[in-house]
Amino acid sequence: MLAFRSQSHARLRHPQCLHQCQRKFSKTAMVAASATSTSARLSIGIRAEQKNRWERRVPLMPEHVERLVKETGTKVYVQPSTKRVVPDEKYRQAGAIIAEDLSVADVIVGVKEVPIEQLIADKTYLFFSHTHKGQKYNMPLLQAVLDKRIRLIDYELMTDDTKRRVVQFSRFAGYAGMIDSMHGLGHRLLALGYGNPFLAIGMSYMYRTLADARLDVTRTGQVIMDDGLPRQMGPMSFVFTGDGHVARGAMHVFKCLPHEWVSPDELRDLYKTQSWSHHRVYACQVTASDYLVRKDGWKFNRDHYREHPEHYMSIFHEKIAPYTNVLVNGIFWDEKYPRLLTSEQATQLANEHRLRMLSIADVSCDINGSLEFMSHSSTIDSPFYMYDPATRTTHDNMEGAGIQIMSIDNLPTELPLEASEYFSNALFPYVNQLAMGNVDHPVLKRATIATADGKLAPARSNLQPILNEYGKGAKVTASQNVLLLGSGFVAAPLVDYLLRAPHRSVTIASNSAEEATRLANGRANAPVTGLNVADKEALAGLVAKHDVVVSFVPATLHPTVAEACINEGKNMVTASYISPAMQALNDRVKRANLTILNEVGLDPGIDHLTAMQLFDEVKEKGGKITSFVSWCGGLPAPEASNNPLGYKFSWSPKGVLLAGLNSAHFKRDGEIIQVPGSQLFESRTTASIAKGFALEGIPNRDSLKYVDLYNLGDISDLDTMFRGTLRYTGYCDLMATFRDIGLFNDVERTDLKSGVSWADLTNELLGIDAGSDVRTAIANVLASKGKSPSEAHLDTVVSALQWLEMLSPHTPLHPSSTILDAFCAHLQKRLVYAPTERDMVAMHHEFGIKWRDGSREKRTSTLFAYGEVGGYTAMAKTVGLPAAIGAEMLLDGQLRGKGVIAPMTKEIYEPMLRKLENENIRFVEQTFRL
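Residues numbered from 1 in each chain as written. Predicted model: local features only at pLDDT ≥ 70, side-chain atom pairs only at ≥ 80, totals over all residues. Heavy atoms only, no water.

Asks: So what exactly am I meant to see when it comes to the sheet that holds strand β19 (residues 480-485) here?
Replies: By definition, the strands of a sheet pair up through backbone hydrogen bonds, in either a parallel or an antiparallel sense. Read from one edge to the other, the open sheet built from seven strands follows the order β21-β20-β19-β22-β23-β24-β33, with strand pairing classed as parallel. A strand with exactly one partner marks an edge of an open sheet, and here the two such strands are β21 (528-530) and β33 (899-901). Here the average twist between neighbouring strands, direction ignored, is 20°. Running at roughly 165° to strand β23 (residues 571-574), helix α19 (residues 558-568) makes contact with β19, β22 (548-551), β23 and β24 (595-597) of the sheet. (Pairing = 2+ DSSP bridges. Helix = DSSP H or I, 4+ residues; strand = E, 2+ residues; numbered from the N terminus. Axes fitted to C-alpha atoms, helices over the stretch in contact; angles between N-to-C directions. Contact = heavy atoms within 4.5 Å.)

This is the structure we're talking about:
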């Protein structure tokens, strides 16, 4: 029989997490310090956190700011933020100065890393820099700190005389990690076919306070006591590693469940006895002495282990892992220590069918650390991924084989208010020391990584060799390497998405050094190189060094890139249509056992995902698609549509204009229609997708080919098959006239290189001399093409040309090879977004459905996505993110399809749509009975 350690029938206890830090300085002492030398005190700045949208914590709470300001006379500047857990007004009431510019502050405090380009020279900074272990991906940040003569103090190194950390969020990482782990466990069990009480637990950020979260866990515990857990899963065991703040925080939440503790030595017997109950869970805390043994057979000794860790090895895989359902990992790990569980050991257990592990909450989040196979940190948006130890691959299929891993690296920000209060209590005394200029305080001195003279602190000299190798960002060590060809409008979201995983690098190869450098600036693991894709030898050399190639170069160059990928055995991603030249490579790509994933942008891309999802759903339910209409457009947000065309560029201008020359083929109301490129704008129709928008659209290329691609049967079975491009009303008429007067002419001309004004070229195209009536000339040109323009239309055209400054002799023509190129360059200059403006993407599907019983319905699926002022454009997000997700799926081995493919299958569209929803790109669906 098992010895009964303790059992806690779930009940809510008041959390003791926010124990008060003992005040190091009395109010009297602080006032005295202020009276002695108020003017000598250094000023403090508090940064607005920008690492990701979830980071809402603050290093100092308003009550501590108030003490600094009112008790000591310290000036405190707070950078404004609309997402910070504490509003700006609270700091203002505390006496702080709200200021965007923190260059006036002497000491700047934050939580997470500061982007390199935002570091201010000659300051003292306090934040978690993630550099003291020599983390390669952050060496460029440390080098920038030295170059800017910044004194860097890292919270992680702030310890007392006993080497215990004095400023940390670790306990809150444990709280949030345990809550998130239970949430994930519920979904993993459901994916395996078992309903369970854990499904009622949300992610940590869904709760207002820790007490609210513990109450939910307590209620779940009551259900476990009443109804039990799936008996087929055996005794549900939770194993906690470590005995520090992380483990204590996790166990503080766990104890809300009905539980029984067993020792590590009893864990194995738990699975052999029949005395266990499925109306409770079992817990086991494991420390180093429980799973480490000396190689020479001597007894474990903690002091000896710390001095000679190389003399020890882990037997966790034999003693603990086979009997663990949920592993909550909270141990500190360094390369000198043996791993808790290696990849080889996990594979061995899986092959021997001795691995019961369902889920891992790696709260410590040491990548490839104590758990060697923990390959990357996850995010609050995508908190879980799967690792299959049998094949040693990661994937996102919750229903697939393997272990669920939660490795969020910023867990405390899910409980931002309480975590900030706890942290601020601990940090305040040391900020006050800095305000007094006491940089030699023992705690602060121990935590100093870089000094004010641009050198590493003496205790951190061991970082110099790593800094020499990785500090300039020229060399990156990563287990997954992506080659990005191109550095234009839509590349930034792709790079940032892929680099969320520190085990990845993205090499930016471009023929524009300026664009590539701008894109790489401030991004770790993003080396830059020059490349002309036409240089096949240089291209092949680069392709060979990477795992996946993402081609954002012009579509005509994709086949050249594909040839290099075939020859070097690399997978490839593009956001462009599959051209005949690309399709011709299909057999070669299949023979090479490769995947070239195309059409993973916006349109084509996201449109396929949502369409195929509904098509497959209708077929599975026995229905039939009778019509399909799909609209898509990248536009200015309504408030930014303030020019005659109602349009601004968020991607290649030439691509936009050339799309207006494509012929179109579609079916509408039973009639098949062919529109030549010369008449495309004239085929415009009103697009009524939302009452608040005045939209029109033109057909987009060959819609009929998608009947086969979407597997919709025969075209005769469909009343309508139409794909179109959206614009604001009036765009098509203007563009048609610009085309008619010759602005789309792409014939090479040598006389457009210099010395030509737009007035000269416009007059030439209209066949008039300077000073002639432009309005009449335009009417004559249109009449010669069989058109009878209205007076209002002529007024609109002239007004547009004037607004575009194309009638002015003072507006120079951009040196160009063709009129089309000159027009593109001019529109790109004039139709530009102001810094405070944003763009918009609109996508709308209409499905006609006939069910087996003869009933009919219409379904709509609509997406409106908006750009962020100062951030990504909507176009960049909706093109860059699908391509990034496609690259990620290839890197992680999630795509089985080979050849030249588009995202038309369930294995692609389901995970891609799920990941896009995590990025707030989601559709609103409606159903109408007919």
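Asks: Explain the pattern of salt bridges to me, please; I cannot follow it from the model alone.
Replies: Between side chains of opposite charge, pairing is possible as soon as their charged atoms come close. Going through the model one piece at a time under the given rule, you end up with 44 salt bridges. Between Arg 504 and Asp 892 there is a salt bridge, with its nearest N and O atoms 3.9 Å apart. Placement of Arg 504 in strand β20 (residues 504-510) and of Asp 892 in the loop between α30 (874-891) and β33 is noted, with a sequence separation of 388 residues between them. For Asp 892, a relative accessible area of 7% translates into the label buried. Several salt bridges share partner residues, and in doing so they unite Asp 396, Arg 504, Glu 888, Asp 892 and Lys 915 into one network. (Salt bridge = Lys/Arg side-chain N within 4 Å of Asp/Glu carboxyl O. Buried < 20%, exposed > 50% of the residue type's maximum accessible area, 1.4 Å probe, protein only.)

Asks: What's the story with the side chain of Asn 329 in this structure? I'm lost.
Replies: Considering the arrangement of structural elements, one finds Asn 329 in strand β13 (residues 326-329). Residue class for Asn 329 comes out buried when judged on its relative accessible area of 0%. Leaving out residues up to four positions away in the same chain, Asn 329 has contacts with Thr 241, Leu 340, Ala 361, Asp 362, Val 363, Ser 364, Ser 370 and Leu 371.

Asks: What exactly am I supposed to notice about the environment of Ser 757 here?
Replies: Tracing the chain through its elements places Ser 757 in the loop between α25 (731-740) and α26 (758-766). Spatially, the C-alpha atoms of Ser 757 and Val 253 are 72 Å apart, while their sequence positions differ by 504 residues. Dropping the residues within four chain positions of it, Ser 757 is found in contact with Ser 808, Pro 809, Thr 811, Pro 812 and Leu 813.

Asks: I tried to follow unusual backbone geometry on my own but got confused; where do I start?
Replies: Pro 604 follows Asp 603 through a cis peptide bond whose omega is 15°. Tracing the backbone shows Pro 604 in the loop between β24 and α22 (606-620). The backbone of Arg 149 sits at a positive phi, close to 55°, despite the residue not being glycine. Positioned with a positive phi, Arg 392 is a non-glycine residue whose angle comes to about 55°. Residue Arg 392 is classed as partly exposed on the basis of its relative accessible area, which comes to 41%.

Limitation: the analysis is restricted to geometry and does not speak to function.
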